[in-house]
Amino acid sequence: MIVCPNCNHPNPDGAVQCEACYTPLPATASCPNCGATVQSDAAFCGQCGYNLHFGATPTVASTGAVNPVPAPVVAPDLMMQLLQPDVLQVAPPANPPVSAPVTPEPEVYIPSVLTSAPAPVVVVQEQAVYVPSVPAPVAPEPAVYIPPVLTPPPAPVAPEPEVYIPPVLTPEPVAVAVPESEPYIPPAYVPQIDPISIPEVTPVAPSGKVATTQLQQVVARLFHVQANQEIELPQNLSVVHIGKPNDRVPPDIDVSGFANSEIVSRIHADIRIEGDACYIEDAGSSNGTYINNLPLLPGNRHRLRPGDRISLGKGDLVTFLFQLS
């Protein structure tokens, strides 16, 4: 293997120029001692260290024929002999022979073979020449004549004949005799009697004297169930306030003296008297107002009838019955 001195590329033996950079490689020769490949201008062998210039004599030119160069005698390789089995004869033989005295062999000088350096090979690199590409001429396509398509003229369309539609004869309306409406006669006026004020007629005395008619006024009352006490509604008020003493709306019916009055708000409920009807409504109490065990929603009112059960607060602890007498 020959290493290129320019790019250090390993080249095979016998190569003339580097395969990578095309640099001429130096000439090589064989070591006369170990046979390794060395450069011809090297002084020592790189394998065994043999002096390649030992005993070199200058070449004398002669007019006669050139003396033939004797064939080189290659000395035995000591390393190869050492690799042979039992070369040192360590194992004793069965019948050891009597060793004869060994005389040292004389050293034989082997002159180095000088080979002429090969001529450098000049590599000429071809230069790329740009040749502009000329497109091939394209022959124009011949014009193809396409005759126009002749469309036949449309056939005349015969007009549709008119169809006579006779008018529909409608019979004249027949006058219908409408009976004359009877005159409206309003019913006789019947005066309404106030249900609260019922006139009481006294029977006629046998003496023949006529008694005077007296009107009896109906009075609304609240009967307290727990205390068994009646409370008459004031007749001169249109709104009766039920609650406990306060600075805003003093109560007309004070329930602070009854048992369990702590569940009643200061302004609990109002009873409005409109004609002969009485209506009760909750005034935004904390525990609510119940009519016949049903809650009375705020903003709604209930018309009271005799026997209605009014509960102030939850639990039916403060209860009144509405009565008329």
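Being a predicted model, the structure only gives us computed values, none of them experimental.

(A) Representation of the overall build of the protein in the model. In terms of regular secondary structure, the protein is built from one helix and 17 strands. Across the 325 residues in the protein, those meeting the buried criterion constitute 19%. Carbon together with sulfur atoms contributes 60% to the accessible area of the protein, which is approximately 26800 Å² in total.

(B) Up close: the pattern of salt bridges. Tallied over the entire structure, the rule returns four salt bridges. Here Glu-230 makes a salt bridge to Arg-221, at a shortest N to O gap of 3.9 Å. Owing to a relative accessible area of 47%, Glu-230 belongs among the partly exposed residues under this scheme. Judged by relative accessible area, which is 22%, Arg-221 ranks as partly exposed.

(C) Expanded view of the environment of Lys-244. By the element assignment, Lys-244 lies in the loop between strand 9 (239–243) and strand 10 (253–254). Separated by 20 residues in sequence, Lys-244 and Val-264 place their C-alpha atoms 7.6 Å apart. Ignoring sequence-local partners within four residues, the contact set of Lys-244 consists of Pro-251, Asp-254, Val-255, Ser-256, Ser-261, Glu-262, Val-264, Ser-265 and Arg-266. Reaching out from Lys-244, the side chain makes a polar contact with the backbone oxygen of Val-264 at a distance of 3.0 Å.

(D) The sheet that holds strand 8 (residues 229–232), seen in detail. Across the sheet, which stays open at both edges, the six strands sit in the order 8-7-17-16-13-14 with antiparallel pairing between neighbours. The sheet is open, and its two borders are formed by strand 8 and strand 14 (294–295), each paired with just one other strand.

(E) Structural context of unusual backbone geometry. In the Ramachandran plot, Asn-292 falls in the positive-phi region, its phi being about 55° despite a non-glycine side chain. Within the secondary structure, Asn-292 sits in the loop between strand 13 (289–291) and strand 14. Residue classification places Asn-292 among the partly exposed positions, given a relative accessible area of 36%. Backbone geometry at Asn-293 places phi at a positive 65°, although glycine is not the residue there. Note that Asn-293 resides in the loop between strand 13 and strand 14.

(F) Geometry of the nonpolar core. In this structure, Leu-222, Ile-271 and Phe-320 are the most contacted members of the largest nonpolar core, which totals 22 residues. Broken down by secondary-structure element, the contributors of at least two residues to this core are strand 7 (220–224), strand 9, strand 12 (277–282), strand 16 (309–312) and strand 17 (319–324). Setting aside its immediate chain neighbours within four residues, Phe-320 contacts Leu-222, Phe-223, His-224, Ile-231, Val-255, Phe-258, Asp-308, Arg-309, Ile-310 and Leu-312.

(G) How the structure looks around the packing of aromatic side chains. Tallied over the entire structure, the rule returns one aromatic pair. An angle of 80° between the planes, with centres 6.1 Å apart, marks the rings of Phe-258 and Phe-320 as edge-to-face. Separated by 62 residues along the polypeptide, Phe-258 in the loop between strand 10 and strand 11 (267–274) and Phe-320 in strand 17 bring together distant segments of the chain. Of the two residues, Phe-258 and Phe-320, neither departs from the other in class, the shared state being buried.

(H) Examining the sheet that holds strand 9 more closely. If you trace the five strands from one edge of the open sheet to the other, you get 10-9-11-12-15, paired in mixed fashion. Of all the strands in the sheet, just strand 10 and strand 15 (301–303) have a single pairing partner and so form its edges. In the sheet, strand 9 pairs with strand 10 via two bridges, with the strands oriented parallel. Bridging across to strand 10, Ile-242 finds its partner in Ile-253.

(I) Structural view of the confidence of the model for the protein. In the predicted model, the protein carries a mean pLDDT of 74, and the fraction of residues at 70 or more is 63%. Here residues 56–66 is modelled with pLDDT under 50, and outside its nearest four sequence neighbours on either side it reaches one contact, counting other chains as well. The low-confidence segment residues 192–198, where pLDDT is below 50, has nine contacts with residues more than four positions distant or belonging to other chains.

(J) Structural view of the side chain of His-224. Relative to the elements of secondary structure, His-224 occurs in strand 7. Relative accessible area serves as the criterion here: at 1%, His-224 is assigned to the buried category. Apart from residues no more than four positions distant in its own chain, His-224 is found in contact with Gln-229, Phe-258, Val-318, Thr-319 and Phe-320.

(K) Fine view of the side chain of Thr-23. Residue position: Thr-23 is located in the loop between strand 2 (10–11) and strand 3 (28–30). Here Asn-6 takes part through its side chain, which lies 3.3 Å from a polar atom of the side chain of Thr-23. Beyond its immediate stretch of four places on either side in the chain, Thr-23 contacts Cys-4, Asn-6, Val-16, Gln-17 and Cys-18.

Definitions and cut-offs
Residues numbered from 1 in each chain as written. Predicted model: local features only at pLDDT ≥ 70, side-chain atom pairs only at ≥ 80, totals over all residues. Heavy atoms only, no water. Helix = DSSP H or I, 4+ residues; strand = E, 2+ residues; numbered from the N terminus. Buried < 20%, exposed > 50% of the residue type's maximum accessible area, 1.4 Å probe, protein only. Areas by Shrake-Rupley, 256 points an atom, 1.4 Å probe, with all protein chains shown as cover. Salt bridge = Lys/Arg side-chain N within 4 Å of Asp/Glu carboxyl O. Contact = heavy atoms within 4.5 Å. Polar contact = N/O pair within 3.5 Å; in protein donor to acceptor, adjacent residues only side chain to side chain. Pairing = 2+ DSSP bridges. Core = buried A, V, L, I, M, F, W, Y, C linked by side-chain atoms within 4.5 Å. Phe/Tyr/Trp six-rings, centres within 6.5 Å; stacked < 30°, edge-to-face > 60°. pLDDT = per-residue confidence, 0-100.

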